[in-house]
Amino acid sequence: MGRQYEGIPLASALLFAGIFATLHHIFWSPVALVLVAAMLWMETELEVGFERLELRRRLGPLKLKFKSWKLEDKEGVVLGEFKGATKYTPHSFILTARICKGHGLAFEGVEMFEFASQKKGGEVLNALRAQHVPTS
């Protein structure tokens, strides 16, 4: 499922559990509603800095660090179209990077982020290109 929709199944399950927990005690229904709202309002942001690429989750003013990669470890970054990615969108654009594992010559492919539009993904590729990261 696409990253931009990853909170929906968990939020649905939590709401369903809260409804059934209400049979035990009425306290659980408002707790479930607050947690579901928090999950759905959580935003993901991607920041390209001089040394790192950071993927963070944000809930209002509260910022949580999610993942971070050094730019110097990247062999190359690609933005590829993936059709039929989710049942919510007909296609998406996935930012994938080849990242050096350890000190050897071994690399692994990492799906870093999924964009709903090619324009937004292109902006990130341009920012990475400006930091001299090989892109295509």
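What you see is a predicted model, and the numbers here were worked out from it, not measured in a lab.

1. What to know about the overall build of the protein
Move 1: Looking only at helices and strands, the protein features three helices and six strands.
Move 2: Reading the protein from its N terminus to its C terminus gives the helix and strand order α-α-β-β-β-β-β-β-α.
Move 3: Burial analysis of the protein (136 residues in total) assigns 26% to the buried set.
Move 4: Taking the contacts inside the protein whose residues are at least 6 apart along the sequence as the reference set, 38% of them involve residues at least 24 apart.
Move 5: A total accessible area of about 9100 Å² is found for the protein, and carbon and sulfur atoms account for 61% of it.

2. A short note on the nonpolar core
Move 1: Among the nonpolar cores identified, the biggest contains 18 residues, and Trp69, Val77, Leu95, Met112, Phe115 and Leu128 are the most heavily contacted of them.
Move 2: Secondary-structure elements contributing two or more residues to this core are strand 2 (52-59), strand 4 (74-83), strand 5 (91-100), strand 6 (107-115) and helix 3 (118-130).
Move 3: When sequence neighbours within four positions are dropped, the list of residues in contact with Val77 reads Leu95, Thr96, Ala97, Leu125, Leu128, Val133, Pro134, Thr135 and Ser136.

3. Some details on the packing of aromatic side chains
Move 1: Applying the stated criterion across every chain, the model contains one aromatic pair.
Move 2: Geometrically, the ring pair formed by Phe113 and Phe115 is edge-to-face, given 4.8 Å between the ring centres and 65° between the ring planes.

4. Here's the deal with helix 3
Move 1: Helix length check: helix 3 (13 residues) gives 18 Å between terminal C-alpha atoms against 18 Å at 1.5 Å per residue, within 8%.
Move 2: Residues of helix 3 that are buried: Gly121, Val124, Leu125 and Leu128. Around the axis of helix 3, the buried residues are gathered within 100° of arc, so they sit on the same side. Facing away from the buried side of helix 3 by more than 90 degrees, the exposed set consists of Lys119 and Ala130.
Move 3: Tucked inside the fold, the buried residues of helix 3 contact strand 1 (43-48), strand 2, strand 4, strand 5 and strand 6.

5. Digging into unusual backbone geometry
Move 1: Of note in this structure, His132 is not a glycine but carries a positive phi near 65°.
Move 2: Within the element layout of this structure, His132 appears in the segment after helix 3.
Move 3: The class of His132 is exposed, set by a relative accessible area of 74%.

6. Some details on the environment of Ala106
Move 1: When you line up the elements, Ala106 lands in the loop between strand 5 and strand 6.
Move 2: Overall, the relative accessible area of 42% leaves Ala106 in the partly exposed class.
Move 3: Not counting residues within four places of it along the chain, the set of residues in contact with Ala106 comprises Ile99, Cys100 and Lys101.

7. Side note on the confidence of the model for the protein
Move 1: The pLDDT averaged across the protein works out to 78; a share of 88% of its residues lies at or above 70.
Move 2: Looking across the protein, the model is least confident in helix 1 (residues 7-21), with a mean pLDDT of 75, and most confident in helix 3, with 87.

8. Remarks on the pattern of salt bridges
Move 1: Scanning all chains against the criterion turns up six salt bridges.
Move 2: The closest approach of N and O atoms between Glu45 and Arg56, which form a salt bridge, is 3.5 Å. Of this pair, Glu45 sits in strand 1 while Arg56 sits in strand 2, and the two are 11 residues apart along the sequence.
Move 3: Looking at Glu45, the relative accessible area reads 23%, which means it is partly exposed.
Move 4: Its relative accessible area of 14% is what places Arg56 among the buried residues.
Move 5: Between Glu47 and Arg56 there is a salt bridge, with the nearest N and O atoms lying 2.6 Å from each other.

What counts, and where the lines are drawn
Residues numbered from 1 in each chain as written. Predicted model: local features only at pLDDT ≥ 70, side-chain atom pairs only at ≥ 80, totals over all residues. Heavy atoms only, no water. Helix = DSSP H or I, 4+ residues; strand = E, 2+ residues; numbered from the N terminus. Buried < 20%, exposed > 50% of the residue type's maximum accessible area, 1.4 Å probe, protein only. Contact = heavy atoms within 4.5 Å. Areas by Shrake-Rupley, 256 points an atom, 1.4 Å probe, with all protein chains shown as cover. Core = buried A, V, L, I, M, F, W, Y, C linked by side-chain atoms within 4.5 Å. Phe/Tyr/Trp six-rings, centres within 6.5 Å; stacked < 30°, edge-to-face > 60°. Expected span 1.5 Å × (residues − 1). Arc of directions from axis to C-beta. pLDDT = per-residue confidence, 0-100. Salt bridge = Lys/Arg side-chain N within 4 Å of Asp/Glu carboxyl O.

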